[in-house]
Amino acid sequence: MDVQQQSLKVRQVQNCLNDMLKVSWLPTAANDLANILAYIDERSPSAARDIRQRIEHAVLPVAEHPYLYKRGRVPGTREIVAHPNFIIVYRATNTSIEVINVLHARQQYPSSFELQPTP
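Colleague: Which parts of the structure should I look at to understand the pairing of strand 4 (residues 96–104)?
Modeller: Regular strands have side chains that alternate between both faces of the sheet. In terms of burial, strand 4 is largely enclosed, as 8 of its 9 residues are buried. Across 4 bridges, the pairing between strand 1 (residues 22–25) and strand 4 is parallel. Bridged to K22 within strand 4 is S96. Note that strand 3 (residues 86–92) and strand 4 share 7 bridges and pair antiparallel. The residue bridging V89 from the neighbouring strand is N101, located in strand 4. Linking strand 3 to strand 4, which pair antiparallel, is a turn of 3 residues.

Okay, here's the thing in structure tokens:
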């Protein structure tokens, strides 16, 4: 690969990164995840590590494709089934992806989420 081809490849990667939205975890989601992992860790530290990795990696594609996953049950949200037992609730804004909650599939689904208005 010559210098011109390498330069083109670098620009393509930079353009791709520039098109991606920033993913931010709201405190509610971070707390949900911490509580889930603490519970699992008491029983199986390796399972907790696996679940953490699976949940964190499930969110990555939405930075580039914010509407990849199905509409959520609460208007303005979307849902990722990161694991048969865990649902990630997020919303896409003009500038970012906000992870709102991480829910156990068997818990009662909230009828609403306390959200700040989108910018």
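This is not the end of the story, as more comes after the structure.
Colleague: Explain the pairing of strand 3 here, please?
Modeller: The buried count for strand 3 comes to 7 of 7 residues, which makes it a mostly enclosed element. Burial along strand 3 is two-sided: the face carrying F86, I88, Y90 and A92 and the face carrying I87, V89 and R91 are both buried. In terms of strand pairing, strand 2 (residues 78–83) meets strand 3 through 5 bridges, oriented antiparallel. By the bridge assignment, E79 is partnered in strand 3 with V89. Between strand 2 and strand 3, which pair antiparallel and follow one another directly, the connecting turn spans 2 residues.

Colleague: Sorry, what's going on with the packing of aromatic side chains here?
Modeller: Aromatic ring pairs are defined here through the distance separating the ring centres and the angle between the ring planes. This model, assessed by the stated rule, comprises 0 aromatic pairs. Directly above the aromatic system of Y39 lies the positively charged group of R43, at a separation of 3.7 Å from the ring centroid.

Colleague: I tried to follow the nonpolar core on my own but got confused; where do I start?
Modeller: What tends to happen in soluble globular proteins is that the nonpolar side chains get buried as a cluster. Among the nonpolar cores identified, the biggest contains 21 residues, and I55, I80 and I88 are the most heavily contacted of them. Of all elements in the fold, only helix 2 (27–43), helix 3 (45–59), strand 2, strand 3 and strand 4 reach the threshold of two or more residues within this core. The residues contacting I88, other than those within four sequence positions of it, are I55, A58, V59, R78, E79, I80, A82, V99 and N101.

Colleague: I keep staring at the sheet that holds strand 2 and nothing clicks. Help me out?
Modeller: Strand pairing within a sheet occurs via backbone hydrogen bonds; the two strands may be parallel or antiparallel. Ordered by their spatial adjacency, 4 strands build an open sheet running 1-4-3-2, and the pairing between neighbours is mixed. Every interior strand has two partners, whereas the edge strands, strand 1 and strand 2, have only one. For this sheet the average axis-to-axis angle between neighbouring strands, irrespective of direction, equals 30°. In the packing of helix 3 onto the sheet, contacts are made with strand 1, strand 2, strand 3 and strand 4, and the angle to strand 2 comes to roughly 145°.

The rules behind each value
Residues numbered from 1 in each chain as written. Predicted model: local features only at pLDDT ≥ 70, side-chain atom pairs only at ≥ 80, totals over all residues. Heavy atoms only, no water. Buried < 20%, exposed > 50% of the residue type's maximum accessible area, 1.4 Å probe, protein only. Helix = DSSP H or I, 4+ residues; strand = E, 2+ residues; numbered from the N terminus. Pairing = 2+ DSSP bridges. Phe/Tyr/Trp six-rings, centres within 6.5 Å; stacked < 30°, edge-to-face > 60°. Lys NZ or Arg CZ within 6 Å of the ring centre and 35° of its normal. Core = buried A, V, L, I, M, F, W, Y, C linked by side-chain atoms within 4.5 Å. Contact = heavy atoms within 4.5 Å. Axes fitted to C-alpha atoms, helices over the stretch in contact; angles between N-to-C directions.

Keep in mind these numbers describe shape, not what the thing actually does.
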